[in-house]
Amino acid sequence: MRIESFAQIETGTLRERLERVFADNGWDLSAGDGAFRYYKTLYSKFYNFMNSLNLEEQDLIFPLISIYHYCPAGRYDSLVWRMAEEINDLWGDKYESLYILTLTKPEEAGHSKGASFIVSHMRDQAIQEEYDLTRKPLYLYENQNLLKKKHDDRDNSLVVFVDDFIGSGETAIDTIQYFIDNIKKDSDRVVVFSFVAMQAALESIAAIGVEIKTFVQLEK
């Protein structure tokens, strides 16, 4: 018996099918994507994309939407605060200084990325005061080379790389390995924090002896 296509099994117009998937995922059909309401809604973005595909292509995408991990930009603030809290707990009274770095290669420092967003929010005095991150020397950089240039005499430091999403882990490994080979001090403790990370990245980073912590772990 020939199995019919997903489009034939799931009857209805594109709008009806998409609305069912949104309902199953618990996504709002009308709210703006993130904090800025003038952006298109998530539903509009999906509809415009799906409407440009043929039925066979839609059949491929629809099942993937059901497992799509959606994190609106409006949630980033709360995630940054949560990350600050966990870094504060990790810091404790064990280290003389704390360095928070974007998980980006030195040559990409200053580029607009999720990691840059996190560090800029970490600089907010309210977050520092809320989690008492000012009780010891705290430095936040987008270029890890500044640790060698400005803080090469550091001792017993906690070095935290932050990011919003780590996929395959290849870029993350290159960035961390550069730090280990060129900047790391024997007394540094290196930890990676990410909002979301793929299983492959978690395994790869752990394999080079670096701790990694994430709020959401995804297989694919």
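Sequence order as written defines the numbering, with residues in each chain counted from 1. For this predicted model, a pLDDT threshold of at least 70 governs which residues receive local features, and a threshold of 80 or more governs which side-chain atom pairs are given and counted, while totals over whole chains, interfaces and linings are taken from all residues. With hydrogens and water set aside, each side-chain value is computed from the structure's full complement of heavy atoms.

Draft legend 1. Here's a closer look at the overall build of the protein. A helix here means a DSSP run of H or I that spans at least four residues, while a strand means a run of E at least two residues long, and both kinds are numbered starting from the N terminus. When helices and strands are counted, the protein shows 10 helices and five strands. Only protein chains enter the accessibility calculation, which uses a 1.4 Å probe; a residue whose area is less than 20% of its type maximum is buried, one above 50% is exposed, and one in between is partly exposed. Within the protein, the fraction of its 220 residues that count as buried is 43%. Any pair of residues with heavy atoms lying within 4.5 Å of one another is described as a contacting pair. Looking at the protein alone, contacts between residues at least 24 apart form 70% of all its contacts between residues at least 6 apart. Surface accessibility in these figures is a Shrake-Rupley result with a 1.4 Å probe; residues are shielded only by whichever protein chains are displayed. In the structure as shown, the protein presents an accessible area of about 12,200 Å², 49% of it carried by carbon and sulfur atoms.

Draft legend 2. Local environment of the pattern of salt bridges. Definition used for salt bridges: Asp or Glu carboxyl oxygen within 4 Å of a side-chain nitrogen of Lys or Arg. Across all of its chains, the model carries six salt bridges by this definition. In this structure, Lys 105 and Asp 174 form a salt bridge, with 3.8 Å as the shortest nitrogen-oxygen distance. One end of the pair, Lys 105, is in the loop between β1 (97-102) and α6 (114-122); the other, Asp 174, is in helix α9 (residues 170-182), with 69 residues separating them in the sequence. Looking at Lys 105, the relative accessible area reads 23%, which means it is partly exposed. We classify Asp 174 as partly exposed; its relative accessible area is 42%.

Draft legend 3. Region of the structure containing a nonpolar patch on the surface. Patch membership requires more than 30% relative accessible area and the absence of a salt bridge. Residues of like charge join within 9 Å; the nonpolar side chains Val, Leu, Ile, Met, Phe, Trp and Tyr join within 5 Å. Residues Leu 60, Leu 64 and Ile 67 make up a contiguous nonpolar surface patch of roughly 340 Å² in combined accessible area. For Ile 67, the position within the fold is in the loop between α4 (55-65) and α5 (76-91). On the basis of relative accessible area, Ile 67 is assigned to the exposed category, the value being 67%.

Draft legend 4. View of the packing of helix α3 (residues 42-51) against α4. Axis angles are defined between N-to-C directions and span 0 to 180 degrees, where every axis is a line fitted to C-alpha atoms and, for a helix, only to the segment in contact. Contact geometry for α3 and α4: axes closest at 10 Å, N-to-C directions at 155 degrees. When the axes of α3 and α4 are compared, the pair comes out roughly antiparallel. With respect to the hand of their crossing, α3 and α4 are arranged in right-handed fashion. Contacts between α3 and α4 pair Phe 46, Phe 49 and Met 50 from the former with Gln 58, Ile 61, Phe 62 and Ile 65 from the latter. Across the contact of α3 with α4, the residue classes tally to six nonpolar, one polar and no charged. Reported orientations rely on four angle classes, namely roughly parallel under 35 degrees, roughly antiparallel over 145, roughly perpendicular from 65 to 115, and oblique for the rest. Here a crossing is taken to be left-handed if its near helix is turned anticlockwise relative to the far helix by less than a right angle, and right-handed if that turn runs clockwise. Under the scheme applied here, ten amino acids are nonpolar (Ala, Val, Leu, Ile, Met, Phe, Trp, Tyr, Cys and Pro), four are charged (Asp, Glu, Lys and Arg), and all others, including Gly, are polar.

Draft legend 5. A look at the pairing of strand β3 (residues 157-166). Of all 10 residues making up β3, nine are buried, and the element is well covered by its neighbours. The sheet contact formed by β1 and β3 spans six bridges and is parallel. If you follow Thr 102 over to β3, its bridge partner there is Val 162. Orient the strands so they point away from the viewer, and a crossover whose first-strand-to-second-strand path over the helix runs clockwise is right-handed. The parallel pair β3 and strand β4 (residues 189-198), bridged by α9, forms a crossover whose chirality is right-handed. Note on pairing: two strands pair once DSSP finds at least 2 bridges between them.

Draft legend 6. Representation of the packing of aromatic side chains in the model. The criterion for an aromatic pair is that two Phe, Tyr or Trp rings (for Trp, the six-membered ring) have centres within 6.5 Å, with stacked assigned to planes under 30 degrees apart, edge-to-face to planes over 60 apart and tilted to the rest. Under the counting rule described, the total for this entry stands at nine aromatic pairs. For the ring pair Phe 22 and Tyr 43, a centre distance of 5.6 Å and an interplane angle of 85 degrees mean the geometry is edge-to-face. Here Phe 22 is found in helix α2 (residues 14-25), whereas its partner Tyr 43 is found in helix α3, with 21 residues between them in sequence. Relative to Tyr 139, the ring of Tyr 99 has its centre 5.1 Å away and its plane inclined at 15 degrees; by these criteria the two rings are stacked. Of this pair, Tyr 99 sits in strand β1 while Tyr 139 sits in strand β2 (residues 138-141); the two residues are 40 residues apart in sequence, bridging distant segments of the chain. According to the relative accessible area criterion, Tyr 99 is buried, its value standing at 3%. Through a chain of ring-to-ring contacts, three or more aromatic side chains come together here, namely Phe 22, Trp 27, Tyr 43, Phe 46 and Tyr 47.

Draft legend 7. The arrangement of α2 in detail. The terminal C-alpha atoms of α2, which comprises 12 residues, lie 17 Å apart, in line with the 16 Å expected from a rise of 1.5 Å per residue. When α2 is considered as a whole, its buried residues turn out to be Leu 14, Arg 17, Leu 18, Val 21 and Phe 22. Considered in projection along α2, the buried side chains sweep an arc of 135 degrees and stay on one side of the axis. Exposed residues pointing more than 90 degrees away from the buried face of α2 are listed as Ala 23 and Asp 24. At the C-terminal side of α2, Gly 26 shows a positive phi close to 75 degrees. For a helix, the expected span equals 1.5 Å multiplied by the residue count minus one. To obtain the arc, one takes the directions from the helix axis to the C-beta atoms.

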